[in-house]
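Reading the structure
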Amino acid sequence: MTPLDGALWLISRGLPVFPADHPATARCTGIGRGHDPTECADRGKHPCVPFSRTYTSDEREAFRWFDGRHRNVAVAVGAARGPSGERLVVVDSDRPGALEAAAADLGEQHAPTMRVTTAKGHHDYYWAPADADLGNGLGALRGHLDGDVRAGRAYVIGPGSVHATGVLYRVAEDRPIAAAPGWLVAALQAAPRSTDRSGVTTVTAPPGRRLLALVRFVLESRQGERNARLYWAACRAFESLDDVGERSAAAAALTDAATAVGLPEGESRKTIDSAYRKAAR
Ligand SMILES: [Zn+2]
């Protein structure tokens, strides 16, 4: 299966796709703020287009994007809609059986669905209810699932694509996308909110402990997810801190953690700045 085959396969299942970097090109073809293609060492994953608005479900467009050139295919998760307006959620297991194990941990049943094999594990695709407020957080799956969850403004690399290690993303289960089981939707929506609408902090952990957890979250990043995890951690930190001094202390701690796992300091600062701006809005 080539990326073009993968794109056509995904489109036939109603999923919008866009081109991403392919490790066979001399340099990264990805774009984005703070991304330097000449120095990119995280190959095969970066979007070639602004994917929150540039994607297609049109086969002819897919031929133009993928035929005769090295591009991986990615799924615009946030743009996908199920037959009744459902939202796409992709569970990204870091090892085979991780989602099954998480389900068993919670006393629940894994729901078989369309599944793609990745370099390490699987992507399981599900339709979540249209009104489910899902993001990239693990919610109550944290500590149970060895992996991540992609929903909302997110993307995943699709079948036919080549991982930086040379591993091919393959279709493992060619079946319709199943409805996300209730336990999964409930678990993903269980993410703690830092503040309610009145601005009253509802998180019980003191900021110090919370910041430590966020620093650890960044320190546990693998290559390829460092920037995303840093951004997530910085957003959570800034959401929960109103004090300017505490915010700058958090920014310094997160920058140190990011550089400790190999993210360039300039890139770390840009990511933290954009999280700061998001929190300010
Ligand atoms: Zn890149």
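Residues numbered from 1 in each chain as written. Predicted model: local features only at pLDDT ≥ 70, side-chain atom pairs only at ≥ 80, totals over all residues. Heavy atoms only, no water.

It is worth spelling out helix H3 (residues 98-105) at this point. Three or more residues of H3 are buried, namely Ala98, Leu99, Ala102 and Ala103. Within H3, the buried residues cover an arc of 140° as seen down the axis, which keeps them to one side. Just past H3, the residue glycine 107 takes up positive phi, approximately 75°. (Buried < 20%, exposed > 50% of the residue type's maximum accessible area, 1.4 Å probe, protein only. Helix = DSSP H or I, 4+ residues; strand = E, 2+ residues; numbered from the N terminus. Arc of directions from axis to C-beta.)

For the zinc ion, the full set of protein donor atoms is Cys28 (SG), His35 (NE2), Cys40 (SG) and His46 (ND1), at a range of 2.1 to 2.3 Å. In primary sequence terms, the donor set of the zinc ion follows C-x6-H-x4-C-x5-H. Of this pair, cysteine 28 sits in the loop between strand E1 (17-20) and helix H2 (59-66) while histidine 46 sits in the loop between E1 and H2; the two residues are 18 residues apart in sequence, bridging distant segments of the chain. The exposure classification of cysteine 28 matches that of histidine 46, with both residues buried. (Donors = N, O, S within 2.8 Å, 3.2 Å for Na, K, Ca; no water.)

Now for the domain arrangement of the chain. Under the domain assignment, the chain is made up of domain 1 (3-189) and domain 2 (193-280). Averaged C-alpha coordinates put domain 1 and domain 2 at centres separated by 25 Å. Each partner contributes residues to the interface: domain 1 has ten residues there, and domain 2 has twelve residues. With both sides pooled, the region where domain 1 packs onto domain 2 buries about 870 Å², and carbon together with sulfur makes up 35% of that total. In this structure, the connection of domain 1 to domain 2 is made through one salt bridge. As a salt-bridge pair, arginine 222 and aspartate 94 come within 2.5 Å of each other at their nearest N and O atoms. Of the residues in the side of domain 1 that touches domain 2, the class split is one nonpolar, two polar and seven charged. (Domains from an automatic or database assignment. Contact = heavy atoms within 4.5 Å. Buried area = accessible area lost by both parts, 1.4 Å probe. Salt bridge = Lys/Arg side-chain N within 4 Å of Asp/Glu carboxyl O. Nonpolar A, V, L, I, M, F, W, Y, C, P; charged D, E, K, R; others polar.)

Here the focus is the packing of aromatic side chains. Within this structure, the stated rule accounts for six aromatic pairs. With 5.6 Å between their ring centres and 75° between their planes, phenylalanine 18 and tyrosine 155 make a pair best called edge-to-face. Of the two residues, phenylalanine 18 sits in strand E1 while tyrosine 155 sits in strand E7 (residues 155-157), which places them 137 residues apart along the sequence. The exposure class assigned to tyrosine 155 is partly exposed, which follows from its relative accessible area of 22%. Relative to tyrosine 276, the ring of phenylalanine 238 has its centre 5.0 Å away and its plane inclined at 75°; by these criteria the two rings are edge-to-face. In this pair, phenylalanine 238 sits in helix H6 (residues 226-240) while tyrosine 276 sits in helix H8 (residues 265-280), placing the two residues 38 residues apart along the sequence. A network of ring pairs unites the aromatic residues Phe18, Phe51 and Tyr155 as a single cluster. Its end group placed over the ring of phenylalanine 217, arginine 229 keeps NZ or CZ at 3.9 Å from the ring centre. (Phe/Tyr/Trp six-rings, centres within 6.5 Å; stacked < 30°, edge-to-face > 60°. Lys NZ or Arg CZ within 6 Å of the ring centre and 35° of its normal.)

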